[in-house]
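Residue-level structural notes
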Amino acid sequence: MTVQVAVLASGRGSNFKAIADAIGAGRCDAEIKVLITNNPDAPAIQIARDGGIPVEIVERKKFKARDDMDDAILAILQRHGAKLVVLAGYMLILKGKKLLGAYRNRIINIHPALLPAFPGATAQKDAFDYGVKVSGVTIHLVDETLDAGPILYQEAVDISDCRSAEETAAKILKVEHSAYAKVVDSFSKGHYTVEGRRATYVRD
Ligand code: GAR
């Protein structure tokens, strides 16, 4: 069954666009109900407008506490009927207990490295600087931990031929785009259960 999605993005929005394009091409059985961003200047906003997707801007400075901000995001998710929350370059950590509880095992994030290697905001540069020959993409559930929720999907990327952090990021990004649409699509046909650290896909 088509899964109703909310995308959270802070910047460029290329993963958001890749998912929207995959939906358009019939490769991903999902409907994007809303784009939520904390950044009023995010290029992702124009991508949403071009695709006729509603945009909600939720700025950090408008809220005293992070919990209040995440409560506002939760209200938007519920108002738009989102069943799956897709973080696509959303550069704030979701902290709201109510939000994390309401969407338990239904918030996913993409990270441009093979976790648990290279967590954080500069994963591609960290992998390049370290000199690893293989890095990749991780898609994981979001919980109270930082970049450490149960892993749903990983794909390795050979970066041995990359000559800079930028080349590394570009090579990984291509794989992000195909991988994220595949994982979003998987939610239209099933869900994930979690035991300890291990997520298992269950077909509905
Ligand atoms: C992507 O490479 C994503 O994996 C990364 O930010 C980029 C967003 O690009 N996320 C993180 O590093 C999260 N720790 P996009 O806005 O073009 O999708």
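As shown above, the structure is provided for reference.
We now turn to the structure provided with this report. Throughout, residues of each chain are indexed from 1 in the direction in which the sequence is written. Since the coordinates come from a predicted model, pLDDT governs what is reported: local features require at least 70, and pairs of side-chain atoms require 80 or more to be given and counted, while whole-chain, interface and lining totals use all residues. Processing note: side-chain calculations cover all non-hydrogen atoms of the structure and skip hydrogens and water entirely.

As for helix 1 (residues 14–24)
What counts, and what does not: Summary of the burial criterion: residues with accessible area below 20% of their type's maximum are buried, those above 50% are exposed, and those between are partly exposed, where the area comes from a 1.4 Å probe applied to protein chains only. Labels follow the DSSP assignment, with helices taken as runs of H or I lasting at least four residues and strands as runs of E lasting at least two, numbered in each case from the N terminus. Whether two residues touch is decided by their heavy atoms; if any such pair falls within 4.5 Å, the residues are in contact.
Of the residues making up helix 1, those classed as buried are S14, N15, F16, A18, I19 and A22. Looking at the packing, one finds that the buried side of helix 1 touches strand 1 (3–8), strand 2 (30–37), helix 2 (44–50), strand 4 (84–87), strand 5 (107–111) and helix 6 (165–186). G26 sits one or two residues past helix 1 and shows a positive phi near 80°.

A few points about the site of the ligand
Spelled out, the test is: One heavy atom within 4 Å of a molecule or strand makes the whole residue count as near it. Counting of polar contacts relies on pairs of N or O atoms within 3.5 Å, with two restrictions inside protein: one atom must be capable of donating a hydrogen and the other of accepting it, and residues adjacent in sequence are counted only when both atoms are side-chain atoms. We get accessible surface area from the Shrake-Rupley algorithm with a probe of 1.4 Å; when it comes to residues, only the shown protein chains can shield them. The residue classification treats Ala, Val, Leu, Ile, Met, Phe, Trp, Tyr, Cys and Pro as nonpolar and Asp, Glu, Lys and Arg as charged. All others, Gly included, are polar.
In the region of the ligand, 13 residues are neighbours, and R12, G13, S14, N15 and E176 sit closest. Contact between the ligand and H111: a nitrogen atom at 3.4 Å from a side-chain N or O atom of the residue. The contact in question runs from an oxygen atom of the ligand to an N or O atom on the side chain of E176, over 2.7 Å. Look at the ligand: alone it shows 450 Å² of surface, and the protein chains cover 91% of it. Elements supplying a minimum of two residues to the shell around the ligand: helix 1, strand 5 and helix 6. Classifying every residue of the shell around the ligand gives four nonpolar, seven polar and two charged.

Quick notes on the packing of helix 1 against helix 6
The test is simple: Where helices are involved, their axes are fitted lines through C-alpha atoms of the stretch in contact, as for all axes, and angles between N-to-C directions lie from 0 to 180°. Just so you know how the angles are binned, under 35 degrees is roughly parallel, over 145 roughly antiparallel, 65 to 115 roughly perpendicular, and the rest oblique. With the far helix as reference, a near helix turned anticlockwise by less than a right angle produces a left-handed crossing, and one turned clockwise produces a right-handed crossing.
Where helix 1 contacts helix 6, the two axes come as close as 9 Å, and the packing angle between them is 50°. The angle between helix 1 and helix 6 falls in the class oblique. For the element pair helix 1 and helix 6, the recorded crossing hand is right-handed. Taking contact as the criterion, the partners of S14, N15, A18, I19 and A22 in helix 1 are, on helix 6, L173, E176, H177, Y180, A181 and V184. Classifying every residue of the contact of helix 1 with helix 6 by side-chain character gives seven nonpolar, three polar and one charged.

Examining the sheet that holds strand 3 (residues 55–57)
For clarity, the cut-off: Any two strands with at least two DSSP-identified bridges between them are counted as paired.
Taking strand neighbours across the sheet as the criterion, the seven strands line up as 3-2-1-4-5-6-7 in an open arrangement whose pairing is mixed. The open sheet terminates on both sides in strands that have one partner only, identified here as strand 3 and strand 7 (151–158). Strand-to-strand twist in this sheet, taken as the mean axis angle between neighbours without regard to direction, amounts to 20°. Inspection of the sheet shows strand 6 (residues 134–141) paired to strand 7 by seven bridges, in the antiparallel sense. Within the sheet, the bridge partner assigned to I139 lies in strand 7 and is Y153. Across the sheet, helix 1 lies against strand 1, strand 2, strand 4 and strand 5, angled at about 160° from strand 2, the strand it touches most.

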